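Architecture and fold: a report
What follows is each chain in one-letter form.
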Amino acid sequence: MTLNKALMAAVLSVAGGAAFAAGGSTTVDFSNGNQGWYGMEPADGIGGSGIDTSMGHGAPALRTVIENFGISFGTTTNAAFLGDYTAKGPVTLGLDIKANEIKFFNQDVARDVVVELRDYGNTPAGMPYSSVWYKLGTIDATQDWQHLSVTIGDPTATGLPAGWGGYGSTDDGAGPKLPTGRSFADVLASVDEVVFGTFVPGYMYGFTNFDVAVDNISVTAVPEPSTYAMMLGGLGLIGWMRRRKQADARGMPAAA
């Protein structure tokens, strides 16, 4: 290995280590089973969820075929996606998703996809949980696999960032919102469940036929600006070493 390559490897290794230490990164590709993620199961026993080895953005995938008001995929047990997000630092939540079929009264329709982070503690009486949620995009049967994601740039923010909504208030006449006294950071400090699905808080739906698969569900640490600076500094050092080598070959001093 040349000195330049060795320096590059060292820089990337340190930068990658810093990003991982900030919060860690996990991807569930279903090659080792469900890994704590669930799909919906029908009450009538028709359809259901399971690992499908015939499809996937890189097979296998978690696939649900069901008739219901909506569809969801979630986890209450995969620790990498749960707990205190304010301690994780900036993170990106994402997944690959494909709709084989979404039909309402036998007509092809589209559905929005949201990610919802739920806290089951400190919730008003009569409400199942408090949550913060974000609309990731739209799926329908005309689209191939697509990657949807959102970055939580500051999980310690008290106000809802642009595009984010809240849920859990008993006073939702103007739409769903966080309960009084709960903040974005407050909910993210105690995440008990993460759900990707088509149930947008505040909306009602009719019975719809779904055939939807998900793959590569991930939570990814976002490098801090200091990490980028370290990488750029390392690349600058490599550039200087290259100029030093060229100058030595000509018997001249290296430019700064």
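Criteria and thresholds
Every residue gets a number counted from 1 within its own chain, in the order that chain's sequence is written. Local features in this predicted model are restricted to residues whose pLDDT is 70 or higher, and side-chain atom pairs enter the listing and the counts only when it is 80 or higher, whereas totals over whole chains, interfaces and linings include all residues. Heavy atoms throughout the structure, all of them, feed into the side-chain values; hydrogens and water do not. Classification of ring pairs rests on two measures: the distance between centres of Phe, Tyr or Trp rings, Trp counted by its six-membered ring, which must be within 6.5 Å, and the angle between planes, read as stacked under 30 degrees, edge-to-face over 60 and tilted in between. Segments assigned H or I by DSSP are reported as helices when at least four residues long, segments assigned E as strands when at least two residues long, and all are numbered from the N terminus. Only when the NZ of Lys or the CZ of Arg is both within 6 Å of the ring centre and within 35 degrees of the ring normal is a charge said to sit over the ring. We call a residue buried when its accessible area falls under 20% of the maximum for its residue type, exposed when it is over 50%, and partly exposed in between, using a 1.4 Å probe and counting protein chains only. Think of it this way: DSSP has to see at least two bridges between two strands before they count as a pair. Per-residue confidence from the predictor is reported as pLDDT, a score between 0 and 100. It only takes one pair of heavy atoms within 4.5 Å for two residues to be counted as in contact.

Applying the stated criterion to the full structure yields 8 aromatic pairs. The interplanar angle of 90° and the centroid separation of 5.1 Å between the aromatic rings of Trp37 and Phe81 together place this pair among those described as edge-to-face. In this pair, Trp37 is assigned in strand 2 (residues 37-38) and Phe81 in the loop between strand 5 (72-75) and strand 6 (91-104), connecting sequence segments 44 residues apart. For the pair Tyr120 and Tyr129, a centre-to-centre distance of 5.5 Å together with 65° between the ring planes defines the contact as edge-to-face. The rings of Trp37, Phe81 and Phe196 are connected pair by pair, giving a single aromatic cluster. The ring of Tyr85 has Lys88 sitting right over it, with the charged end atom 5.2 Å from the ring centre.

Turning to the pairing of strand 11 (residues 164-167), a few remarks are in order. A regular strand carries its side chains on alternate faces of the sheet. Both faces of strand 11 are covered, namely the face carrying Trp164 and Gly166 and the face carrying Gly165 and Tyr167. Where strand 9 (residues 130-139) meets strand 11, 4 bridges bridge the pair, whose relative direction is antiparallel. Pairing of Val132 across the sheet is with Gly166, part of strand 11.

Okay, unusual backbone geometry next. The linkage connecting Ala59 with the following residue, Pro60, adopts the cis geometry, with an omega of 5°. Note on placement: Pro60 falls in the loop between strand 3 (48-52) and strand 4 (61-68). The backbone of Phe30 shows a phi angle near 65°, a positive value even though the residue is not glycine. Counting through the fold element by element, Phe30 comes out in the loop between strand 1 (26-28) and strand 2. Non-glycine residue Asn122 carries a positive phi angle of around 55°. Considering the arrangement of structural elements, one finds Asn122 in the loop between strand 8 (111-119) and strand 9.

Per-residue confidence for the protein gives a mean pLDDT of 84, with 77% of residues at or over 70. Long-range and interchain partners of residues 1-22, a stretch whose pLDDT sits below 50, account for 27 contacts in this model, where long-range means more than four residues apart. Every residue in residues 226-232 is under pLDDT 50, and counting partners more than four places away or in other chains gives 10 contacts.

Looking at where Asp211 falls in the secondary structure, it is placed in strand 13 (residues 208-221). Note on Asp211: relative accessible area 11%, which makes it buried. Residues in contact with Asp211, not counting those within four places in the same chain, are Arg63, Thr64, Val65, Lys98, Ala99, Asn100 and Glu101.

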